[in-house]
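# Reading the structure
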Amino acid sequence: MSNKTISSALISVFSKDGLEPIVKKLNALGVTIYSTGGTEKYINDLGVSVVPVEDVTSYPSILGGRVKTLHPKVFGGILNRQNHDGDEAELKEFEIPQIDLVIVDLYPFEKTVASGASNQDIIEKIDIGGISLIRAAAKNYADVTCVSSVDDYTEFLDLLNSKNGETSGYDRKYFAAKAFNVSSHYDSTIFNYFNKNNEQAVLKISENNGKVLRYGENPHQKGFFFGDFDAMFTKLHGKELSYNNLLDVDAAVNLILEFKGEAPTFAILKHNNACGFAQRDTVYQAYTDALAGDPVSAFGGILISNTEIDKSTAEEIHKLFCEVVIAPSFSNDALEVLKGKKNRILLILNDVKLPKTTVRTCLNGALVQERDAKTDSKEDLKTVTKTTPSTSDIEDLIFASKICKHTKSNTIVLVKNKQLCASGTGQTSRVDALNQAIHKAQSFNFILKGAVMASDAFFPFPDCVEIADNAGIVSVIQPGGSIKDELSINYCDENNVSMVFTGTRHFKH
């Protein structure tokens, strides 16, 4: 592809930010500018000569501006193949002007949806003419330069200034790729709005906020993050987050949101699982009791609180090597303390809703499911034993169930007085998970007499409740549903252990 000199341009944009220097540069280069509506007025107000598209098409803007540029004389000027004898003859026959540059940005559909606007307002922000112009100009990149986003204005202006209006084939193909990214993302966003209830089993993911990570799960793997991290968090301090950091942060956020608005709650996570967790009257006590759950695993962990972290808590945290600390806010004194470690990552968790679906790669495709939005509550509990759990037991059972939901299966969670004593995580046997939890709790000197147990799935045999009873567990929460539920119930009845069913399994693979 040869170099081309821009001699004519069509400019029709929603946002005028950053457009002025481009218009003035084009004018200085002697480029003929065509435009429509508000953009035409904007250019005129800059004192730059502009040709209304209506003068080219001999047709006014109609339907309240819904149809302005959709005309053969506009698209013919963009899609013609320069130096093609037949195309050149038709341009001359139908008096179609050659267009070398198209600058268009689209109606802000995505922002309109995010604003909570009415359906009618959202529909009006589905761009028709703009998306058509972008696709036409990008398709014909052999001859036409397409600038499709305000985000590209600075880069394009630099190109104009450095080459005085000349573009290479590489330049045009580069901007064409950007244009097709804009159009594909726009269409995906519109489809996902119409398909928000998943009536169609179709997966369309489009993320423009890609970030290259230092590496993936291990140093020999490349890693990337696609998402709006800055919408989720305000980063206050520390090094860049790694692939593994992000996975742990995701697990921490999902867990702590179960306790949003509750008394001060603190979690310490390692490899996506809580190794320390407690709820207390103060954040300081919540942290110290969470740490007591497993001070060994806490080394290098991810810390998260559901309430502001104060100076006294920060001073305790500062004694621990940890990768990330997350909270809805930090006191100024706490920040001063925590910033004492230059690499420690400090994040404020913003009030942002998580996606309703989860996606993970599988084989040569992907698995998609609804997020597990079910949180077990007191209303869900069905007492199936003769012994009824006490009020404090019920509170601990719900507390344990929330942690269990966010722990790798097979899992058993042991809780006493709203403190995680220990959990068995990711075991192939539920008995192994329970034994792991008991051994771990005892190794950190927890007295399990009076504690409760949560299981993410039912017990097929009574062995787990027997082991738990022998360790001092007094109450159990599980989904139920085994054909042999009665065996576990009978054991509990014979040994004065209370047990409740929730009816909901919380596997986490």
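Residues numbered from 1 in each chain as written. Predicted model: local features only at pLDDT ≥ 70, side-chain atom pairs only at ≥ 80, totals over all residues. Heavy atoms only, no water.

## A word on the overall build of the chain
Secondary structure assignment for the chain yields 19 helices and 23 strands. For a compact globule of 509 residues, the expected C-alpha radius of gyration is about 23 Å, and the chain comes in at 31 Å, more than 25% above that figure. Across its three principal directions, the C-alpha atoms of the chain cover 95 × 50 × 40 Å. Sequence-distant contacts in the chain: of pairs separated by 6 or more residues, those separated by 24 or more amount to 56%. Carbon together with sulfur atoms contributes 51% to the accessible area of the chain, which is approximately 25000 Å² in total. Here the chain contributes 53 positively and 64 negatively charged side chains, and the mean placements of these two sets differ by 3 Å. (Helix = DSSP H or I, 4+ residues; strand = E, 2+ residues; numbered from the N terminus. Rg over C-alpha atoms; globule rule 2.2 N^0.38 Å. Contact = heavy atoms within 4.5 Å. Areas by Shrake-Rupley, 256 points an atom, 1.4 Å probe, with all protein chains shown as cover. Lys, Arg positive; Asp, Glu negative; His and termini not counted. Charge placed at Lys NZ, Arg CZ, Asp CG, Glu CD.)

## Remarks on the sheet that holds strand β10 (residues 233-237)
Read across the sheet, six strands follow the order β10-β15-β14-β13-β11-β12 without closing on themselves; strand pairing throughout is mixed. At either end of the open sheet lies a strand with only one pairing partner, and these are β10 and β12 (273-279). Mean inter-strand twist for the sheet, computed between neighbouring axes without regard to direction, equals 20°. Both β10 and strand β15 (residues 345-349) contribute to a ladder of four bridges, which runs antiparallel. Bridging from a neighbouring strand, H237 pairs with L346 of β15. Its contacts with the sheet put helix α12 (residues 243-256) on β10, β11 (265-270), β12, β13 (301-305), β14 (322-327) and β15, and the angle it makes with β13 is roughly 30°. (Pairing = 2+ DSSP bridges. Axes fitted to C-alpha atoms, helices over the stretch in contact; angles between N-to-C directions.)

## A closer look at the nonpolar core
Burial of nonpolar side chains together is a common tendency in soluble globular proteins. Judged by nonpolar contacts, the single largest core of 38 residues is most densely connected at F233, F277, I326 and I403. Of the residues forming this core, the biggest block, seven residues, is contributed by α12. Contact partners of I403, with chain neighbours within four places excluded, come to L255, F259, A274, F277, V413, V415 and L420. Counting residues in hydrophobic clusters, the runner-up holds 28 residues, among them L10, F75, V104 and A138. (Core = buried A, V, L, I, M, F, W, Y, C linked by side-chain atoms within 4.5 Å. Buried < 20%, exposed > 50% of the residue type's maximum accessible area, 1.4 Å probe, protein only.)

## Comments concerning the packing of aromatic side chains
A full pass over the atoms with the stated rule returns 15 aromatic pairs. A ring pair is formed by F109 and Y193, whose centres lie 5.8 Å apart and whose planes are at 85°; its orientation type is edge-to-face. Separated by 84 residues along the polypeptide, F109 in helix α6 (residues 109-114) and Y193 in helix α10 (residues 169-194) bring together distant segments of the chain. Of the residues examined, Y193 reaches a relative accessible area of 13% and is grouped as buried. With 6.3 Å between their ring centres and 25° between their planes, F224 and F226 make a pair best called stacked. Accessibility expressed as a relative area gives 45% for F224, which makes it partly exposed. Clustering of aromatic rings is evident, with ring pairs tying together F109, Y186, Y193 and F194. Directly above the ring of F191 sits K204, whose terminal nitrogen or CZ lies 5.5 Å from the centroid. Just above the ring of F259 sits the side chain of K402; from NZ or CZ to the centre is 4.8 Å. (Phe/Tyr/Trp six-rings, centres within 6.5 Å; stacked < 30°, edge-to-face > 60°. Lys NZ or Arg CZ within 6 Å of the ring centre and 35° of its normal.)

## Side note on the environment of D45
Examined against the element boundaries, D45 turns out to sit in helix α2 (residues 37-45). Spatially, the C-alpha atom of D45 lies 24 Å from that of L133, the residues being 88 residues apart in sequence.

## Here's the deal with the side chain of N245
Along the polypeptide, N245 turns up in helix α12. With a relative accessible area of 6%, N245 lands in the buried category. Among residues more than four places away in sequence, those in contact with N245 are E240, I302, E323, V324 and I345.

## What to know about helix α17 (residues 430-443)
Here α17 contains 14 residues, and its C-alpha end-to-end distance of 20 Å stays within 8% of the 20 Å for a straight helix at 1.5 Å per residue. Of all the positions in α17, only R430, A433, L434, A437, I438 and A441 are classed as buried. Down the axis of α17, the buried set is contained in an arc of 130°. They therefore lie on one face. Against β19 (412-415), β20 (420-424), β21 (452-455) and α18 (463-471) lie the buried residues of α17. If you check the start of α17, you find a side-chain oxygen 3.2 Å away from the backbone N of V431, and it comes from S429. Backbone geometry just downstream of α17 places N445 in the positive-phi region, at approximately 65°. (Expected span 1.5 Å × (residues − 1). Arc of directions from axis to C-beta. Polar contact = N/O pair within 3.5 Å; in protein donor to acceptor, adjacent residues only side chain to side chain.)

## Focus on the sheet that holds strand β3 (residues 32-35)
Pairing between sheet strands relies on hydrogen bonds along the backbone, with the strands arranged either parallel or antiparallel. The sheet built from five strands is open, its strands ordered β4-β3-β2-β5-β6 with parallel pairing. The open sheet is flanked by β4 (51-52) and β6 (145-147), the only strands paired with a single partner.

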